[in-house]
Amino acid sequence: MKRVMRRISWRAGGWRLLPWLALIGAAPSAHALCVPALCSCTVTTTSVLFANYNPLAYGNTDSTGTVTVKCGGVAGLLVPFTIALNQGGGSSITNRSLAFGANRLNYNLYIDNTYTTVWGDGTTGTLVAGGLLLDALGLSPGLVYTVYGRIPGRQVTTIPGGPYVDSVSVTLTYQ
């Protein structure tokens, strides 16, 4: 089993909270189906950049980012994988938070545009699963998954404005 991790950061700001979140990654290990001589996979991400947040507004503040998976090696070999997102600086997957110093702003990440299924690490929340045929020439654009971010409205609080940020690790596990 191989794992690739990437770290991302999300960001926000006070009455005009500028939310921002980024996804981040790391390096692989080994397994039988996708041995290093035959294939390798990579993950790249784009950050979830929230618009300014008004804690008195009733509406949610939504944004999106992406996770892209590419695999190269012996053409035609199907590589199954899962993509996990950790809790970042929050206390759990279901309680993620953006931070500005000691100040916190709740948000979460979802796998769907209805904001009903939290993207998690498999112990909490849902993993995203997929599979890719290996691309020997490296010409495939890969598979792109959208990360849906939401800061719930009406987090009425006295937190100051500023750049609220969180970093979430993205783990790609493939065989």
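The sections below set out a description of the structure shown in this document. (Residues numbered from 1 in each chain as written. Predicted model: local features only at pLDDT ≥ 70, side-chain atom pairs only at ≥ 80, totals over all residues. Heavy atoms only, no water.)

What follows concerns the side chain of Asn108. Tracing the backbone through its elements, the reader meets Asn108 in strand E9 (residues 108-110). A distance of 3.1 Å separates a polar side-chain atom of Asn108 from the backbone oxygen of Ile93. Separated by 2.6 Å, the side chains of Asn108 and Arg96 make a polar contact. Excluding anything up to four places from it in sequence, Asn108 contacts Ile93, Thr94, Asn95, Arg96, Val118, Tyr148, Gly149 and Arg150. (Helix = DSSP H or I, 4+ residues; strand = E, 2+ residues; numbered from the N terminus. Polar contact = N/O pair within 3.5 Å; in protein donor to acceptor, adjacent residues only side chain to side chain. Contact = heavy atoms within 4.5 Å.)

This brings us to the pattern of salt bridges. Evaluated as defined, the whole model comprises 1 salt bridge. The salt bridge involving Asp62 is made with Arg150; its shortest N-O contact spans 2.7 Å. With Asp62 in strand E5 (residues 61-73) and Arg150 in strand E11 (residues 143-151), this residue pair connects regions lying 88 residues apart in the sequence. By relative accessible area, which is 34% here, Asp62 ends up partly exposed. (Salt bridge = Lys/Arg side-chain N within 4 Å of Asp/Glu carboxyl O. Buried < 20%, exposed > 50% of the residue type's maximum accessible area, 1.4 Å probe, protein only.)

Turning to the packing of aromatic side chains, a few remarks are in order. Taken as a whole, this structure holds 5 aromatic pairs when the rule is applied. On the basis of an interplanar angle of 50° and a centroid distance of 5.3 Å, the ring pair of Phe100 and Tyr164 is categorised as tilted. Here Phe100 is found in strand E7 (residues 97-100), whereas its partner Tyr164 is found in strand E12 (residues 164-174), with 64 residues between them in sequence. On the basis of relative accessibility, which here comes to 28%, the residue Phe100 falls in the partly exposed class. Look at Tyr110 and Tyr115: their rings are 5.5 Å apart centre to centre, the planes differ by 80°, and that puts the pair in the edge-to-face class. (Phe/Tyr/Trp six-rings, centres within 6.5 Å; stacked < 30°, edge-to-face > 60°.)

This brings us to the state of the cysteines. On inspection of all chains with the given rule, the structure shows 1 disulfide. Two residues, Cys41 and Cys71, share a disulfide whose sulfurs are 1.9 Å apart. One quick way to see it: the torsion about the S-S bond of Cys41 and Cys71 is about 105°, and its sign makes the bridge right-handed. Separated by 30 residues along the polypeptide, Cys41 in strand E3 (residues 39-46) and Cys71 in strand E5 bring together distant segments of the chain. By relative accessible area, Cys41 is classed as buried at 3%. Assessed through its relative accessible area of 7%, Cys71 is described here as buried. (Disulfide = S-S within 2.5 Å.)

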